[in-house]
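Structural overview for review
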Amino acid sequence: MTHTLIYPAHAVHNAAGHLQIDGCDVIDLVAEHGTPLMIYEEKTLRDQCRKFMQAFRDRTDDFEVVYASKAFCTLAVCRLVEQEGLSIDVSSGGEYHTALRAGFPTERMFYHGNNKTRWELEYALANGVGYVVVDSFSELDTLERMVADRGGVQKILLRITPGIEAHTHSYIQTGQLDSKFGFGLTEGHAAEAIRRGLEAPHLELAGLHAHIGSQIFELEGFRKAISILVDLVKEAHEAFGFECRYLNIGGGLGIRYTEEDTPVTIEEYVEGKVSGVRQEMARVGLPVPRVLVEPGRSIVAKAGVTAYTVGTIKEIPGIRTYVSVDGGMSDNLRPMLYDARYEAMIANRADAPADTVVTVAGKHCESGDVLVKNARIARPELGDILVMPATGAYCFGMASNYNGNPRPAVVMVKDGAVRTIVERETYDDLIAKQRPFQG
Ligand SMILES: *Cc1c(COP(=O)(O)O)cnc(C)c1O
């Protein structure tokens, strides 16, 4: 198999010439469950968790790996990452609810968001949440009052906007970052937030958080962000005796969507963060805090693939060939939203040479509903099963019912066994919350 880097670890071509994922023939899976179908390999998912945990354990015993659940938030994945010893980041009442119902221990939950509603905070406080990552002055005030009313003390982190914007291959230092998130460093906002957090009687300020971007391939931006955070820690230590026990440096590790992508490894990423925090804290002469990271994409993306059925093939001579599948922007918005690039293969002729360049289009009524431009695949035929790898992150979570398309089913495979983790929606689900209109 030539694509192992971007497919789940146990993906092979079987004797029938089909793509097989950890003992499950993809063609059998779609015969049973229909298309579009999202297929997750449990071993790859657990393996990504274990790589993070092991990379930390090899370097320190004071760390936490926090799964950013927005990448793929389901009962099954919450449970699985919990079993692997990770903590969880939720960024809405709904993600919190999913983690809670999955049995996730509330003390290992981090609640993010630039506009947590009063109701969402009530819900989390009533059921318990380890850390609220406070994003604004108004939230500091609201939370202090809410906790005071309930009684007790709530642990918090403060989200800092370090003025670093990281992209795949570069970062820029923007000085005054134009961001809706967090406390900026200009005008002393971040230091003022630390002062107020320390003074709030019902809040316990455990440390700081920053998240500088996503799909990042290089470590430079993280190093710069750590250095800026540590300067802030030092300033606040001198001014108000702040002791930073937790330093959460966010997520953002990039993954391979195509063979050309070359992200750093989990090992290198963790090494960069742990040694970065150590060196920077040594520079300012303060104790090393617990190091936290918040990977989302790098935990789940590679574990998941999406299988579609080819419905129409339209050749425009001299221009391009459109291969239309039975999904698209309603199950994978990333190509439209970010120009994200993917590869594809014909799973029922996995061994056939990938000698044809086509554009894989979705079925929605939008010209921009294109999943892969210039995909190199085996010569397509009607009824083929087309698989796109590395769709495990930010696809199902962004799925919609646009054009009246039910959301796909999601299955998890392991050692030849299949478990449905999300059932396919039905047409009745589409109208379940609608009221008949009489009159
Ligand atoms: C989205 C997000 C993450 C995860 O980012 P990935 O790029 O998926 O690793 C982590 N932390 C916060 C605050 C986020 O918003």
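Residues numbered from 1 in each chain as written. Predicted model: local features only at pLDDT ≥ 70, side-chain atom pairs only at ≥ 80, totals over all residues. Heavy atoms only, no water.

1. Topic: the packing of helix α2 (residues 42-57) against helix α3 (residues 75-83)
Running from N to C, α2 and α3 cross one another at 45°; their axes reach a closest spacing of 10 Å. Here α3 runs oblique to α2, going by the angle between their axes. Taken as a pair, α2 and α3 cross one another with a handedness that is right-handed. Between α2 and α3, the contacting residues are Glu42, Leu45, Arg46 and Cys49 on the first element and Val77, Leu80, Val81 and Gln83 on the second. Looking at the contact of α2 with α3 residue by residue, the class counts come to five nonpolar, one polar and two charged. (Axes fitted to C-alpha atoms, helices over the stretch in contact; angles between N-to-C directions. Helix = DSSP H or I, 4+ residues; strand = E, 2+ residues; numbered from the N terminus. Parallel < 35°, antiparallel > 145°, perpendicular 65-115°, else oblique. Left-handed = near helix turned anticlockwise from the far one by under 90°. Contact = heavy atoms within 4.5 Å. Nonpolar A, V, L, I, M, F, W, Y, C, P; charged D, E, K, R; others polar.)

2. Regarding the domain arrangement of the chain
Examined at the domain level, the chain breaks down into domain 1 (11-34 + 303-431) and domain 2 (42-300). With centres defined by C-alpha atoms, the gap from domain 1 to domain 2 works out at 33 Å. Counting from both sides, the interface comprises 20 residues of domain 1 and, opposite them, 18 residues of domain 2. Each partner contributes to the roughly 1,800 Å² buried at the junction of domain 1 and domain 2, and carbon and sulfur atoms together form 57% of this total. Considering only the surface of domain 1 that becomes buried against domain 2, Ala303, Tyr394 and Met412 emerge as the three largest contributors, covering 32% of it. At the boundary of domain 1 with domain 2, the tally comes to four salt bridges. Residue Glu260 is joined to Arg341 by a salt bridge in which the shortest nitrogen-to-oxygen separation is 3.2 Å. At the boundary of domain 1 with domain 2, the tally comes to eight residue pairs in polar contact (both at pLDDT 80 or more). If one sorts the elements of the side of domain 1 that touches domain 2 by residue count, strand β22 (residues 409-414) sits on top with four residues. Considered class by class, the residues forming the side of domain 1 that touches domain 2 number 11 nonpolar, two polar and seven charged. (Domains from an automatic or database assignment. Buried area = accessible area lost by both parts, 1.4 Å probe. Salt bridge = Lys/Arg side-chain N within 4 Å of Asp/Glu carboxyl O. Polar contact = N/O pair within 3.5 Å; in protein donor to acceptor, adjacent residues only side chain to side chain.)

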